[in-house]
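# Structural characterization, general
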Amino acid sequence: NSVSLVGTDVDASLGIYFSGEDRNILFDSGDQVSVPANAFTSVNDQITISFWVYGTPEFQPENGTLFEGVNANNQRVLNSHLPWSNGRVYWDAGYNGGYDRIDKAASTSQYEGKWNHYAFTKDATTGSMKIFLNGVLWHSGTNLDNVMNDVVKFTIGSASSWTNYYHGGVDEFAV
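Description of the structure in this document.

On inspection of all chains with the given rule, the structure shows 5 salt bridges. Ionic pairing is found between Asp103 and Arg88, a salt bridge with its closest N-O pair at 2.6 Å. With a gap of 15 residues between them, Asp103 in strand S8 (residues 99–105) and Arg88 in strand S7 (residues 88–95) connect regions that are remote in the sequence. Its relative accessible area of 27% is what places Arg88 among the partly exposed residues.

Below, the structure written as structure tokens:
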């Protein structure tokens with residue numbers, strides 16, 4: 001089996017693990033994956049971002065960013081802190097003078113020491129934002145209608161400014 005990453009400046013310490021057909025990436029400080037901006041050219045009113053995540057217990061909770069997408073003015077359009085140091089999971093999506101946000105306190109088992117599946121959704125037309133945890137609706141909000149267009153930089157494993165690094169494993173990240 002082979003593993004391919006498309007990108008530049010991949011740090012030799014970046015952990016990529018696979019066994020048979022299963023693979024995941026381990027973010028262990030200072031790591032980031034940059035996603036080409038053209039992956040977001042059709043994103044406007046609706047989005048789903050899903051993945052498996054395993055937070056490293058020695059570091060979680062921390063002021064970390066699992067993913068972030070910004071516009072040309074470096075304003076947040078898409079973001080998740082999973083979790084922030086206060087143990088809350090944040091989902092930010094859409095920008096119009098500020099970003100729409102929902103957040104909720106999580107138990108330790110929901111963000112560290114075991115694999116959990118998260119799906120973050122937004123429909124700006126209906127104003128709905130949702131967080132699904134292991135296939136079950138975990139949190140939602142309404143009247144959140146900022147669109148999510150003009151993402152020019154999207155990163156996984158930290159904020160787009162190379163700060164707020166995430167510590168843990170990520171698998172099957174999909175937009």
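So, about the side chain of Thr65. By the secondary structure assignment, Thr65 is in the loop between strand S4 (46–55) and strand S5 (67–70). The exposure class assigned to Thr65 is buried, which follows from its relative accessible area of 0%. A polar atom in the side chain of Thr65 sits 3.4 Å from the side chain of His81. Not counting residues up to four positions away in its chain, the partners in contact with Thr65 are Asn79, Ser80, His81, Gly157, Ser158, Ala159, Asn164 and Tyr166.

Each value, and the rule that gives it
- Residues numbered from 1 in each chain as written.
- Predicted model: local features only at pLDDT ≥ 70, side-chain atom pairs only at ≥ 80, totals over all residues.
- Heavy atoms only, no water.
- Salt bridge = Lys/Arg side-chain N within 4 Å of Asp/Glu carboxyl O.
- Helix = DSSP H or I, 4+ residues; strand = E, 2+ residues; numbered from the N terminus.
- Buried < 20%, exposed > 50% of the residue type's maximum accessible area, 1.4 Å probe, protein only.
- Polar contact = N/O pair within 3.5 Å; in protein donor to acceptor, adjacent residues only side chain to side chain.
- Contact = heavy atoms within 4.5 Å.

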